[in-house]
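# Descriptive analysis of the structure
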Amino acid sequence: MGRNIVQKIFKKHLKSGKMVAGEKISVKIDQTLTQDATGTMAYLQFEAIGIPRVKTKLSVSYIDHNTLQTGFENADDHKFLQSIAAKHGLYFSRPGNGICHQVHLERFGKPGETLLGSDSHTPTQGGIGMISMGAGGLDVALAMAGQPFHLSMPKVLKVNLKGKLPQWVSGKDVILEVLRRLSVKGGVGKILEYAGAGVKTLSVPERATITNMGAELGATTSIFPSDAVTKEFLKAQGREKDWTELVPDADAAYDEEITIDLKTLQPMIAKPHMPDNVCTVEELAGTKVNQVAIGSCTNSSYKDLMTVAKILKNKTVHPDVSLCISPGSKQVFKMISDNGALADMIAAGARILESTCGPCIGMGQSPQTDAVSIRTFNRNFLGRSGTKSAQVFLTSPEVAAACALTGEITDPRKVAPRAPNIPTPKKFLVDDNLIIPPLSPQKAKKIKIVRGPNIKPCPKRDPMPGTLSGSVLLKTGDNITTDHIMPAGSKILPLRSNVPAISEHVFAPVDSEFPKRAKEAKGGFVVGGANYGQGSSREHAALAPMYLGVKAVITKSFARIHLANLINFGILPLTFVNEKDYNGIAQGDKLELAVKKMGETLVLKNKTKGTQCEVTHSLGERDIAILKAGGALGYVKQGKA
Ligand code: MIC
Ligand code: SF4
């Protein structure tokens, strides 16, 4: 039996376990990336592991999230990260160089290799045939220390693409269609492998948009073949030597399969407040729009911004609309400024932002009260924009630009019959002057780490006791995101390197009394619904609750990265054997759980109600040992891998 692409790459990188769906495996990691919001903690943990120099083929530290600098905190973090990169043998991408995923695609991603990134949109590199996965900072720190990455072997879902996209329909519409069909939990435990005759009709930026937003399905990652289109892209980046062909064997088998006929797709849009709440743009046509935001790691490529510039050229943004645009990288920014496209955007009235995440993570440009905000981003969770009453919609750059001009949700096919045609440039503008390469080991030794007052050590948890007891501090519904658990935005994001300070905001959008209650009770339990912890990779959504004393989280099901983060920080993740037992527990109930022996099921006693129920887990031996040690750092310190 032949192999699919996923199996081919995993086979080459397998360190332990069998490549059978659901089995615990570990894989060698070739490259890592971090961004500043998760990076500070990741490097504090790397320091605690005590390895002098990264052991990967390549590791890059990017500055792209925390760049508003409304106080000293962001700038202090940048200096800390720059000195850490110099000390430990990393590339450092300076602020202004762009969003990690866009820059990595342009300059570092390599077909056939593995990448672990402390950001959930790391799968962007699947657009050029890399197995690229998001993880918590601690897992990335361990990968930098040369340890393999542990996961359950995912199922491989073949997405069979047929035909060719019609005018005005682009990569974003493909992934919105996948989200419409599969939902935000439809990818859990799976890798989406794109295949079929339609693949060759999609450019690398379109493929990267699709794999980027595969994160919203809860998928482990998504991947495209590496073919002639990939080769042309890498050649235009001056990186032809990084190209290798990667295609599935003719008789490759897959666990599941869906088919999408590209020619039948239409412009799509995700409605508030979930990326899978998808309908056609036509259905919402005429809705008044207040803000349009173009950019983010999903849609800020040269192709995306050239498309937008062509639509805006010689026109004016509607008087009721505020349009902001952030180019994904310095490369994109410089190319559109050299060729006049930037001038066309400015002339039309666009507000140009720097090459960072910006409004995508609520770092500025929060929309007005009750606004309709049309964004080319990947997440529209309640409150993420910084305005709780805003209605955020997700769509393609084509649709966003059309909305900016008309002031209402607009199907671009109504504006003009033909969409702008933007071919991949024969040569991208390559200038890595904002990437500082690693220092030699001799020079690195002399570097002093710069630690501002906002950089506080990573808190630790004691080994797990034999019995966990306490009250239910909070009970939530389904699809709780890490933005609910540990929100970001311009006020909270700067506190990422200061866990005592950031933990004051845990569950702020759900229940602002949570931190006080948790501290008064000296910790306790959280009870959640299905797909608990979906969204970002931020380990602060585990680390800060751990700091507040959360001992176990009991849910109907978990999202992958958050589950791993809970284990890494010594919080026991459990699920109900019978989902209906979720109904029998209320906030405030006193619970008790004997955990000395971690069998397949455990008995959860409800002391308040005088009842009990069975709970279970998906923990392997290593996970249990980590939990018993009080978290992964303690476990690794015991000399274990
Ligand atoms: C996000 O898009 O939510 C973020 C901000 O990039 C996060 C990482 C973080 O919280 O720092 C992610 O996607 O992992
Ligand atoms: Fe940055 Fe937004 Fe992408 Fe997260 S999703 S990496 S915040 S641009």
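Residue positions within a chain follow its written sequence, with the count starting from 1. Here chains are named by letter from A upward and ligands by number from 1 upward, in the order in which they appear as written. Given that the model is predicted, a residue must reach a pLDDT of at least 70 before its local features are reported, and side-chain atom pairs must reach 80 or more before they are shown or counted; all residues, however, enter totals for whole chains, interfaces and linings. Just so you know, side-chain values use all the structure's heavy atoms and leave hydrogens and water out.

### Structural notes on helix H13 (residues 397-406)
When accessible area is computed with a 1.4 Å probe and restricted to protein chains, residues below 20% of their type maximum are described as buried, those above 50% as exposed, and intermediate ones as partly exposed. Per the convention used, a helix needs a DSSP run of H or I reaching at least four residues, while a strand needs a run of E reaching at least two, with both numbered from the N terminus. With nine of its ten residues buried, H13 lies for the most part within the structure. Listing the buried residues of H13 in full gives Pro 397, Glu 398, Val 399, Ala 400, Ala 401, Ala 402, Cys 403, Ala 404 and Leu 405. Residue contacts are defined here by distance: any two heavy atoms, one from each residue, within 4.5 Å place the two residues in contact. Against the buried residues of H13 lie helix H9 (281-284), strand E15 (291-294), helix H10 (302-312), strand E16 (322-325), strand E18 (372-375) and strand E19 (391-395).

### What to know about the packing of aromatic side chains
Under the pairing criterion, centres of Phe, Tyr and Trp rings, with the six-membered ring standing for Trp, must be within 6.5 Å; the plane angle then separates stacked pairs below 30 degrees from edge-to-face pairs above 60, leaving the rest tilted. One pass over the structure, following the stated rule, counts seven aromatic pairs. Between Phe 233 and Phe 428, the ring centres sit 5.5 Å apart and the planes meet at 70°, which makes this aromatic pair edge-to-face. Placement of the pair is Phe 233 in helix H8 (residues 228-236) and Phe 428 in the loop between H13 and strand E20 (435-436), with a sequence separation of 195 residues. Each member of the pair, Phe 233 as well as Phe 428, carries the same accessibility label: buried. Ring geometry for Tyr 302 versus Phe 428: centroids 6.4 Å apart, planes at 85°, classification edge-to-face. Of this pair, Tyr 302 sits in helix H10 while Phe 428 is found in the loop between H13 and E20, placing the two residues 126 residues apart along the sequence.

### Looking at the site of ligand 1
Taken together, the neighbourhood of ligand 1 is formed by 14 residues, with Asp 119, Ser 120, Arg 496, Ser 537 and Arg 538 sitting nearest. In protein, a polar contact means a hydrogen-donor-capable atom and an acceptor-capable atom, both N or O and within 3.5 Å, with residues adjacent in sequence counting only if both atoms are side-chain atoms; elsewhere, any N or O pair within 3.5 Å suffices. Residue His 65 places a side-chain N or O atom 2.8 Å away from an oxygen atom belonging to ligand 1. Take Arg 379: an N or O atom from its side chain is 2.9 Å from an oxygen atom of ligand 1. Compared with its free state, where it exposes 340 Å², ligand 1 has 97% of that area covered by protein. Classification used: nonpolar for Ala, Val, Leu, Ile, Met, Phe, Trp, Tyr, Cys and Pro, charged for Asp, Glu, Lys and Arg, polar for all others including Gly. A breakdown of the residues in the shell around ligand 1 according to their chemical character gives two nonpolar, seven polar and five charged. For this description, a residue counts as near a given molecule or strand if any of its non-hydrogen atoms is within 4 Å of it. In this description, accessible areas are obtained by the Shrake-Rupley approach with a 1.4 Å probe, and a residue is regarded as covered only by the protein chains that are shown.

### Examining the site of ligand 2
Taken together, His 65, His 101, Asp 119, His 121, Ser 296, Cys 297, Cys 357, Cys 360, Ile 361, Asn 378 and Arg 384 make up all the residues around ligand 2. For the shell around ligand 2, a count of residues per class yields four nonpolar, five polar and two charged.

### Some details on the packing of helix H2 (residues 36-49) against helix H3 (residues 72-88)
Helix-helix packing: each pair is described by the crossing angle between the helix axes and the interaxial distance. Axis definition: a line fitted to C-alpha atoms, limited for helices to the stretch in contact. Angles are taken between N-to-C directions and run from 0 to 180 degrees. The contact between H2 and H3 brings their axes to 10 Å, and the two run at 45°. The angle between H2 and H3 places the two elements in the oblique class. Crossing of H2 over H3 shows left-handed handedness. Together, Asp 36, Gly 39, Thr 40, Tyr 43, Leu 44, Phe 46 and Glu 47 of H2 and Asp 77, His 78, Phe 80, Leu 81, Ile 84 and His 88 of H3 make up the contact between the two elements. A class-by-class count of the residues in the contact of H2 with H3 yields six nonpolar, four polar and three charged. For classification, angles of less than 35 degrees are called roughly parallel, those exceeding 145 degrees roughly antiparallel, those between 65 and 115 degrees roughly perpendicular, and all remaining angles oblique. Take the far helix as the reference: if the near one is turned anticlockwise from it by less than a right angle, the crossing is left-handed, and if turned clockwise, right-handed.

### Details of the pattern of salt bridges
Basic side-chain nitrogens of Lys or Arg form a salt bridge, by our definition, when they fall within 4 Å of a carboxyl oxygen of Asp or Glu. Following the criterion strictly, the structure yields 30 salt bridges and no others. Lys 426 is the partner of Glu 232 in a salt bridge, and the nearest nitrogen-oxygen pair spans 3.9 Å. With Glu 232 in helix H8 and Lys 426 in the loop between H13 and E20, this pair connects stretches of sequence that are 194 residues apart. Since its relative accessible area comes to 37%, Glu 232 is described here as partly exposed.

### Some remarks on the sheet that holds E15
In spatial order, the strands read E14-E13-E19-E18-E15-E16-E17; together these seven strands make up an open sheet with mixed pairing. Unpaired on one side and paired on the other, strand E14 (278-280) and strand E17 (351-352) mark the two borders of the sheet. In this scheme, strands are said to pair when DSSP sees at least two bridges between them. Bridge count for E16 against E17 is two bridges, and the pairing is parallel. Pairing of Ile 325 across the sheet is with Ile 352, part of E17.

### Thoughts on the nonpolar core
We call a set of buried Ala, Val, Leu, Ile, Met, Phe, Trp, Tyr and Cys residues a nonpolar core when their side-chain atoms join them within 4.5 Å. Core analysis: the largest hydrophobic core is formed by 101 residues, its most contacted members being Phe 10, Phe 514, Leu 572 and Leu 593. The element that contributes the greatest number of residues to this core is helix H5 (residues 137-144), accounting for six residues. Core analysis: the second largest hydrophobic core is formed by 48 residues, Val 204, Leu 305, Ala 309 and Val 321 among them.

### Description of the sheet that holds strand E10 (residues 190-195)
On the basis of which strands lie adjacent, the open sheet formed by four strands has the order E11-E10-E9-E12 and parallel pairing. Strands at the two margins of the open sheet, each flanked by one partner only, are strand E11 (221-223) and strand E12 (256-261). Each strand of the sheet is rotated relative to its neighbour by a mean of 20°, with strand direction disregarded. In terms of strand pairing, strand E9 (residues 155-162) meets E12 through six bridges, oriented parallel. By the bridge assignment, Asn 160 is partnered in E12 with Thr 259. The sheet strands contacting helix H6 (residues 171-182) are E9, E10 and E12, and the helix crosses E12 at an angle near 130°.

### So, the pairing of E16
Residues in a regular strand project their side chains so that they alternate between the two faces of the sheet. Note that E15 and E16 share four bridges and pair parallel. Counted as the bridge partner of Ala 293 is Cys 324 from E16. Read as a crossover between parallel neighbours, the route from E15 over H10 to E16 is right-handed. For the handedness criterion, the strands are oriented away from the viewer, and a crossover whose path from the first strand over the helix to the second runs clockwise is classed as right-handed.

### Considering the pairing of E9
Burial analysis of E9 places six of its eight residues in the buried class, the great majority of the element. Two elements, E9 and E10, share six bridges in a ladder whose sense is parallel. By the bridge assignment, Val 159 is partnered in E10 with Tyr 194. Of the crossover connections in this fold, the one passing from E9 over H6 to the parallel E10 is right-handed.

### Digging into the side chain of Arg 107
Tracing the sequence through the fold places Arg 107 in helix H4 (residues 100-107). For Arg 107, a relative accessible area of 13% puts it in the buried group. Within the structure, Arg 107 has its side chain in polar contact with the side chain of Asp 432 (distance 2.8 Å). Apart from the residues within four sequence positions on either side, Arg 107 is in contact with Gln 237, Arg 239, Val 430, Asp 432 and Ile 435.

### A short note on unusual backbone geometry
His 273 follows Pro 272 through a cis peptide bond whose omega is -5°. Inspection of the secondary structure puts His 273 in the loop between strand E13 (268-270) and E14. Look at Gln 69: it is not a glycine, yet its phi comes out positive at around 50°. Residue placement: Gln 69 occurs in the loop between strand E4 (58-62) and H3. Despite not being glycine, Gln 365 shows a phi value in the positive range, around 60°. Note that Gln 365 resides in the loop between E17 and E18.

Structural measurements only, silent on function.
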